Amino acid sequence: MGKRSTPEEIIAKLREVEVRLARGETTGQAVRSIGVTEQTYYRWRKEYGGLQVGHAKRMKEMEKENARLRRAISDLTLDNQILQEVIKGKF
């Protein structure tokens, strides 16, 4: 498995593919030139297509924060359920 690309690198590679496509290269040729598979290219294009570098950074930060908050909610929900059972005397 290769190294993971940062959002900035992904956006730069997507732009490079766009330039190569505009010059008349096929998608396969353009994608191989940036060193990824067509599947990866299409996944990246779906996720990062049209984003500026700053937006991509912010999106990744928000995804991390969202995951952190989901874990916190799940922990608090579990604590709440345990306390409800203790109150009912079902320990």
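Numbering of residues starts from 1 in each chain and follows the order in which that chain's sequence is written. Owing to the predicted nature of the model, reporting of local features is limited to residues with pLDDT of at least 70; listing and counting of side-chain atom pairs is limited to 80 or more, with chain, interface and lining totals taken over all residues. Where side-chain values are given, they derive from all heavy atoms of the structure, hydrogens and water being excluded.

- For the chain, an unreviewed UniProt entry supplies the name Transposase and the organism Hyphomonas beringensis.

Some details on the overall build of the chain
- Per the convention used, a helix needs a DSSP run of H or I reaching at least four residues, while a strand needs a run of E reaching at least two, with both numbered from the N terminus. For the chain, the count of helices and strands is four helices and zero strands.
- Along the chain direction, N to C, the helices and strands of the chain fall in the order α-α-α-α.
- For the chain, whose C-alpha radius of gyration is 22 Å, the value lies well above the compact-globule estimate of 12 Å for 91 residues.
- Dimensions of the chain, computed from the C-alpha atoms along their principal axes, are close to 75 × 25 × 20 Å.
- Throughout, exposure labels follow a simple rule: accessible area from a 1.4 Å probe, protein chains only, divided by the maximum for the residue type, with under 20% read as buried, over 50% as exposed, and the rest as partly exposed. Looking at the 91 residues of the chain, the share that counts as buried comes to 16%. Radius of gyration here is computed from C-alpha atoms only, and the compact-globule reference equals 2.2 Å multiplied by the residue count raised to the power 0.38.

Remarks on the nonpolar core
- Side-chain atoms within 4.5 Å are what join buried Ala, Val, Leu, Ile, Met, Phe, Trp, Tyr and Cys residues into a set we call a nonpolar core. Formed by Ile 10, Ile 11, Leu 14, Val 17, Ala 30, Val 31, Ile 34, Val 36, Tyr 41, Trp 44, Tyr 48 and Ala 56, the largest nonpolar core amounts to 12 residues.
- Contributing elements (two or more residues each) for this core: helix 1 (7-22), helix 2 (27-34) and helix 3 (38-48).
- Sort the elements by how many residues they give to this core and helix 1 lands first, with four residues.

Overview of a nonpolar patch on the surface
- A patch is a set of surface residues, each over 30% in relative accessible area and not in a salt bridge, joined within 9 Å for like charges and within 5 Å for the nonpolar side chains Val, Leu, Ile, Met, Phe, Trp and Tyr. Here the Shrake-Rupley method, with its probe set to 1.4 Å, supplies the accessible areas, and only the displayed protein chains count as covering residues. Just to be clear on terms, a salt bridge is a Lys or Arg side-chain nitrogen sitting within 4 Å of an Asp or Glu carboxyl oxygen. Residues Leu 78, Ile 82 and Val 86 make up a contiguous nonpolar surface patch of roughly 260 Å² in combined accessible area.
- Structurally, Val 86 is set in helix 4 (residues 53-88).

Some remarks on the packing of helix 1 against helix 4
- Between N-to-C directions, angles span 0 to 180 degrees; the directions come from axes that are lines fitted to C-alpha atoms, helices contributing only their stretch in contact. Contact geometry for helix 1 and helix 4: axes closest at 9 Å, N-to-C directions at 140 degrees. By the angle between their axes, helix 1 is oblique relative to helix 4. Handedness of the helix 1/helix 4 crossing: right-handed. Here helix 1 contributes Pro 7, Glu 8 and Ile 11 to the contact with helix 4, which in turn contributes Val 53, Ala 56, Lys 57 and Lys 60. Any angle between 65 and 115 degrees counts as roughly perpendicular, while under 35 counts as roughly parallel, over 145 as roughly antiparallel, and the rest as oblique. Here a crossing is taken to be left-handed if its near helix is turned anticlockwise relative to the far helix by less than a right angle, and right-handed if that turn runs clockwise. By definition in these notes, contact holds between two residues if any of their heavy atoms fall within 4.5 Å.

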